Amino acid sequence: MVYLERVKLLKKITIIIPCYNEHEVLPQLYKRLCAVLAGVDAYEFEILLINDGSRDNTLEVMKHLHEGDPRISYIDLSRNFGKELAMIAGLDHAEGDAVIIMDADLQHPPELIPEMLGFWQQGYDDVYTKRSSRADESFLKRWGANTFYKFLQRVTKITIHRDVGDFRLLDKRCVEALKLLRETQRYTKGMFSWIGYNKKEIIFDCQPRAAGATKWNYFGLLELAMEGITSFTTFPLKLATIFGFSISLVAFMYMAGVILKTMMFGDPVQGYPTLLSVILFLGGIQLIVLGIIGEYLGRVFNETKRRPLYLVNEYNGRKITYHKELINERRSNDDV
Ligand code: UDP
Ligand code: MG
């Protein structure tokens, strides 16, 4: 009885782990997590596993772990929605006073959790981790990441932290703030910066994947980069205006030059090559700019559909018919 009362007083921490085809690594992760959590008895833990439409036995492993440990809950999404949406599914269902988001593949060492909790106790709302180096990645990936961060930082007003992943502790206030951002095409890394609050950085060594394979390919990373740029800046849309002005200026000067030359020296104008290059150059720029507008328009289109961000198939063994998100939305409408 006394023990039960003590448990009730403890603050609850939810550890959110999005998983896609991670059946090999989940038992290892569970073992490492248990070892760490056993050393922290000042909190009650909930481990929330999100199965993001895995095609291997991830769901069976989750069910097995859930049966063996009451701290473990799982959400089975109705298909693969991608990590960004799997994370918001986790945030929506987390009950803790703080949440910790981490990858399933043990690239994020669970041993860092006590340190994160320490900083949270000191009053930080968002304890994020920065990887000490990207030396393990290919040159192309590093170069791509570098260029992307440089560009994004230059054109957006909010600070996007470099080499900072999704491994972080968030106070409930941050979780509630993130839950308000219901955009379909999410760049969560930018959202963490956008919400602000009191942040603390921890440097950590990113481990190689314990088992299984990465889900990212270059195309996927490019998509994510586009998401980052289009969600956090409208600068590319201004390029049309900038190009337009500069090209008009150059064209005007060129035209003045041609007229002067003809009047002073009576040169015949050599039209064909000049005309062709100008038309091709302008055509190219117009297509680029149209493409940029298209990227934004496509996103506007996707947002206006206002679809739920994800659908839940099963929550701790219970088949879900009415979507939790919809229920919450109804509740908040009733409140108004
Ligand atoms: N993940 C997910 N849905 C996906 C792709 C990935 O939930 O569609 C999860 C994956 O199981 C892992 C985390 O996101 O826990 C990071 O994925 P991964 O390790 O493949 O990415 P990397 O570390 O190579 O950037
Ligand atoms: Mg990984």
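Bear in mind that the values here come from a model prediction, so they are computed numbers and not experimental data.

The next point concerns the state of the cysteines. This structure, assessed with the given rule, holds zero disulfides. The thiol of Cys19 is not disulfide-bonded; the next cysteine sulfur, from Cys34, is found 14 Å away.

In the vicinity of ligand 1, 16 residues are found, and the nearest of them are Glu22, Asp52, Asp105, Gln107 and Thr214. Within the contact set of ligand 1, a nitrogen atom lies 2.6 Å away from a side-chain nitrogen or oxygen of Asp52. When the free accessible area of ligand 1 is taken as 530 Å², the share hidden by the protein chains comes to 87%.

Across the sheet, nine strands lie side by side as β7-β5-β6-β4-β1-β2-β3-β8-β9; this open sheet has mixed pairing. Whereas interior strands pair on both sides, the edge strands pair on one side only; in this sheet they are β7 (199–204) and β9 (318–319). Strand direction decides the pairing type here: strand β2 (residues 43–51) and strand β3 (residues 72–77), joined by five bridges, are parallel. Within β3, the position partnered with Leu48 by the bridge is Ser73. Strands β1 (11–19), β2, β3 and β8 (312–315) of the sheet are contacted by helix α3 (residues 58–68), whose axis makes an angle of about 155 degrees with β3.

A few words on helix α2 (residues 26–38). When the terminal C-alpha atoms of α2 are compared, their 18 Å separation across 13 residues agrees well with the 18 Å that a helix rising 1.5 Å per residue should span. Residues of α2 that are buried: Leu26, Leu29, Leu33, Val36 and Leu37. What you see down the axis of α2 is that its buried residues fit within an arc of 90 degrees, all on one side. With respect to the buried face of α2, the exposed residues turned more than 90 degrees away are Lys31, Ala35 and Ala38. Packed against the buried residues of α2 are β1, β2, α3 and α5 (113–121).

Of all the six residues making up β3, six are buried; the element is thus mostly covered by neighbouring parts of the structure. Both faces of β3 are covered, namely the face carrying Ile72, Tyr74 and Asp76 and the face carrying Ser73, Ile75 and Leu77.

Here the focus is unusual backbone geometry. Look at Asn21: it is not a glycine, yet its phi comes out positive at around 55 degrees. In this structure, Asn21 sits in the loop between β1 and α2. Among the residues examined, Asn21 registers a relative accessible area of 24% and is labelled partly exposed. Residue Tyr197 is not a glycine yet carries a positive backbone phi of 70 degrees.

Protein coordination at the magnesium ion (ligand 2): the donors are Asp105 (OD) and Gln107 (OE1), at 1.9 Å from the metal. Residue classification places Asp105 among the buried residues on the basis of a relative accessible area of 4%.

The next thing to look at is the environment of Thr58. Note that Thr58 resides in helix α3. Look at Thr58 and you get buried, because its relative accessible area is 0%. In the structure, Thr58 is positioned 39 residues away from Cys19 in sequence and 7.7 Å away in space, judged by C-alpha atoms. Beyond its immediate stretch of four places on either side in the chain, Thr58 contacts Cys19, Asn21, Glu22, His23, Leu26 and Asn51. Within the structure, Thr58 has its side chain in polar contact with the side chain of Asp56 (distance 2.5 Å).

Our focus in this paragraph is the environment of Lys83. Within the element layout of this structure, Lys83 appears in helix α4 (residues 83–93). Under the relative-accessibility criterion, Lys83 is labelled partly exposed at 23%. Note: C-alpha distance between Lys83 and Cys19 (64 residues apart in sequence) is 8.0 Å. Non-local contacts of Lys83, meaning those with residues more than four positions away in its chain, are made with Pro18, Asp52, Asp103 and Asp166. A distance of 2.8 Å separates polar atoms of two side chains, one belonging to Lys83 and the other to Asp103.

Low pLDDT means the predicted coordinates in that region are not meant to be read closely. Taken residue by residue, the protein chain gives an average pLDDT of 84. The fraction at 70 or more is 91%. Mean pLDDT per element in the protein chain: helix α12 (residues 324–335) is the minimum at 53, and strand β4 (residues 98–101) is the maximum at 95.

Turning our eyes to something else, we now look at helix α9 (residues 218–232). Across its 15 residues, α9 extends 21 Å between first and last C-alpha, which sits within 8% of the 21 Å expected from 1.5 Å per residue. Every buried residue of α9 is accounted for by Gly220, Leu224, Ala225, Glu227, Gly228, Ile229, Thr230 and Phe232.

What counts, and at which threshold
Residues numbered from 1 in each chain as written. Chains lettered and ligands numbered in written order. Predicted model: local features only at pLDDT ≥ 70, side-chain atom pairs only at ≥ 80, totals over all residues. Heavy atoms only, no water. Disulfide = S-S within 2.5 Å. Near = heavy atom within 4 Å. Polar contact = N/O pair within 3.5 Å; in protein donor to acceptor, adjacent residues only side chain to side chain. Areas by Shrake-Rupley, 256 points an atom, 1.4 Å probe, with all protein chains shown as cover. Pairing = 2+ DSSP bridges. Helix = DSSP H or I, 4+ residues; strand = E, 2+ residues; numbered from the N terminus. Contact = heavy atoms within 4.5 Å. Axes fitted to C-alpha atoms, helices over the stretch in contact; angles between N-to-C directions. Expected span 1.5 Å × (residues − 1). Buried < 20%, exposed > 50% of the residue type's maximum accessible area, 1.4 Å probe, protein only. Arc of directions from axis to C-beta. Donors = N, O, S within 2.8 Å, 3.2 Å for Na, K, Ca; no water. pLDDT = per-residue confidence, 0-100.

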